[in-house]
Amino acid sequence: MVNPVRKAVFPVAGLGTRFLPATKVMPKEMLTIVDKPLIQYAVEEAMDAGIDEFVLVTGRGKHLMEDHFDHAYELEAILAERGKELELEAVERVAPDPGKMSYTRQRRPLGLGHAVWCARQFIAGEPFAVLLPDDLVQADQGCLRQMVTAYGEVGGNIVAVEDVPREHTDRYGILDVAEDDGRLARARGVVEKPAPSDAPSTLSIIGRYILQPEVLEYLNRHETGAGGEIQLTDAIENTVMDIPLHGLRFKGRRFDCGTKIGFVAANVAFASAREELRSEIRAELLGID
Ligand code: UTP
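Rules and cut-offs
- Residues numbered from 1 in each chain as written.
- Predicted model: local features only at pLDDT ≥ 70, side-chain atom pairs only at ≥ 80, totals over all residues.
- Heavy atoms only, no water.
- Helix = DSSP H or I, 4+ residues; strand = E, 2+ residues; numbered from the N terminus.
- Rg over C-alpha atoms; globule rule 2.2 N^0.38 Å.
- Buried < 20%, exposed > 50% of the residue type's maximum accessible area, 1.4 Å probe, protein only.
- Contact = heavy atoms within 4.5 Å.
- Areas by Shrake-Rupley, 256 points an atom, 1.4 Å probe, with all protein chains shown as cover.
- Pairing = 2+ DSSP bridges.
- Near = heavy atom within 4 Å.
- Polar contact = N/O pair within 3.5 Å; in protein donor to acceptor, adjacent residues only side chain to side chain.
- 1 Å grid on protein atoms, 1.4 Å probe; cavity = no way out; pocket = protein on both sides within 12 Å on 5 of 7 lines; lining within 4 Å.
- Sits in = over half its atoms within 2 Å of the grid points.
- Nonpolar A, V, L, I, M, F, W, Y, C, P; charged D, E, K, R; others polar.
- Axes fitted to C-alpha atoms, helices over the stretch in contact; angles between N-to-C directions.
- Parallel < 35°, antiparallel > 145°, perpendicular 65-115°, else oblique.
- Points joined across faces, edges and corners; volume = space filled by probe spheres on them.
- Expected span 1.5 Å × (residues − 1).

Regarding the overall build of the protein
- On a plain count of helices and strands, the protein comes out with 11 helices and 13 strands.
- Relative to the compact-globule value of 19 Å for 289 residues, the protein shows a C-alpha radius of gyration of 19 Å, a close match.
- If you line up the protein on its principal axes, its C-alpha atoms span 60 × 45 × 40 Å.
- Here the protein, with 289 residues, has 48% of them falling under the buried criterion.
- Once local pairs closer than 6 in sequence are excluded, the contacts in the protein between residues at least 24 apart make up 76%.
- Carbon and sulfur atoms make up 50% of the accessible area of the protein, which amounts to about 14500 Å² in all.

Digging into the pairing of strand β6 (residues 128-131)
- Side-chain alternation along β6 places F128 and V130 on one buried face and A129 and L131 on a second face that is also buried.
- Pairing of strand β1 (residues 7-12) with β6 involves three bridges; the strand directions are parallel. Residue pairing in the sheet places V9 in a bridge with V130 of β6.
- Alignment of β6 against strand β11 (residues 203-211), held across four bridges, turns out to be antiparallel. By the bridge assignment, L131 is partnered in β11 with R208.

Points about helix α1 (residues 38-48)
- Of all 11 residues making up α1, eight are buried, and the element is well covered by its neighbours.
- Considered for burial, the residues of α1 that qualify are L38, I39, Q40, Y41, A42, V43, E45 and A46.

A look at the site of the ligand
- Around the ligand there are 18 residues in total, and L15, T17, K28, Q106 and G111 lie nearest to it.
- One of the side-chain nitrogen or oxygen atoms of T17 is found 2.5 Å away from an oxygen atom of the ligand.
- Here L110 contributes a backbone N or O atom positioned 3.3 Å from an oxygen atom of the ligand.
- Bound to the protein, the ligand loses 81% of the 570 Å² it would expose on its own.
- Applying the majority rule of atoms within 2 Å of the grid points places the ligand in the largest pocket.
- Elements with a contribution of two residues or more to the shell around the ligand: β1 and α5 (112-117).
- A class-by-class count of the residues in the shell around the ligand yields nine nonpolar, five polar and four charged.

As for the packing of helix α10 (residues 260-272) against helix α11 (residues 275-286)
- α11 packs onto α10 with a crossing angle of 140° between their chain directions and a minimal axis gap of 8 Å. In terms of axis orientation, α10 runs oblique to α11. Across from V268, A271 and S272 in α10, the residues of α11 making contact are L277, R278, I281, R282 and L285.
- In the contact of α10 with α11, the residues fall into five nonpolar, one polar and two charged.

As for unusual backbone geometry
- Note that the residue after L20, namely P21, is joined by a cis bond; omega there is 10°.
- Turning to its location among the elements, P21 is positioned in the loop between β1 and β2 (32-33).
- For V34, which is not glycine, the phi torsion reads 65° and is therefore positive.
- With respect to the element layout, V34 can be found in the loop between β2 and β3 (36-37).

Section: the pairing of β11
- Extensive coverage of β11 is indicated by the burial of nine of its nine residues.
- Two elements, strand β8 (residues 157-163) and β11, share five bridges in a ladder whose sense is antiparallel. Following the sheet pairing, E162 is matched in β11 by S204.

What about the layout of surface pockets?
- Estimated volume of the largest pocket: approximately 1200 Å³.
- Around the largest pocket sit 46 residues that line it, and R18, K28, L132, D134 and K193 are the ones nearest its centre.
- When residues of the lining of the largest pocket are traced back to their parent elements, those giving at least two are β1, α5, β11, α9 (232-238), β13 (253-256) and α10.
- Residue composition of the lining of the largest pocket, grouped by class: 20 nonpolar, 13 polar and 13 charged.
- Put simply, the second largest pocket is a space of about 230 Å³.

Points about α10
- Compared with the 18 Å implied by 1.5 Å per residue over 13 residues, the 18 Å span of α10 between its first and last C-alpha is a close match.
- Of all the residues in α10, the buried ones are G262, F263, A266, N267, A269, F270, A271 and S272.
- Packing partners of the buried residues in α10 comprise β2, α1, β7 (135-138), β13 and α11.

Structural data, given as structure tokens:
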């Protein structure tokens, strides 16, 4: 029996420089896909996977996210008064139960590993999930839920992976694969952003992790890695002799909403998947040169 995953960390303290000026004041996780901010998609995916405690590691714009996941009394009262049931339901549904969502500040964007380390009090010795909201996965069954199923089978550390073209390995954490059954790949290591010629495989990590609390031991040391940042993949690599590491080829399509192309493509894909929007969206797109 593996220790269940009840907690999730959402690192949302990056600078989002690829989305300036949109992210001058607003964190990129508040960017909207159709009618919902990225952070809400991620929180809902975690809820669907059975997570019931959430921590957001924030930088700028913290209050926007706090307000988003809180009750909006005035707005809710007006919607109720006007009989706007659907809208009211959409607004009310956002808020997790009181006390289930907390916030901590990263203070300085020293890297993803550092952001996760900032949540150490919340993690408190339990296995935990990490979701990067700018990686959005469109899937019949949520990506984290698929990972929780795999975790029940093999335990240890699990990362969501997909194959990338070899020329792009220097953008991702790449697994050094020992065994691969086509769904789960057992890794003997992981390398952050290797040059294509040095990459041990083309299996890249996307922003979903299930991790054991031991990864924090490495993060406690504050060692910097690729790009001068404190890297989460280095912490995972550091535990690989003691804790099995698997990559799950999840079912679904991942959009990198931290890039303009991925963000626009996600908007089109998520709108097209909605019954009430599909035909009009397609007609609009056909009309664009
Ligand atoms: P990115 O590598 O996409 O960096 O971070 P970024 O700063 O958000 O965006 P760009 O490259 O400047 O456009 C991946 C994830 O890790 C979080 C980000 O918020 C994002 O979810 N992160 C990154 C932190 O929370 N803290 C950090 O110090 C770095």
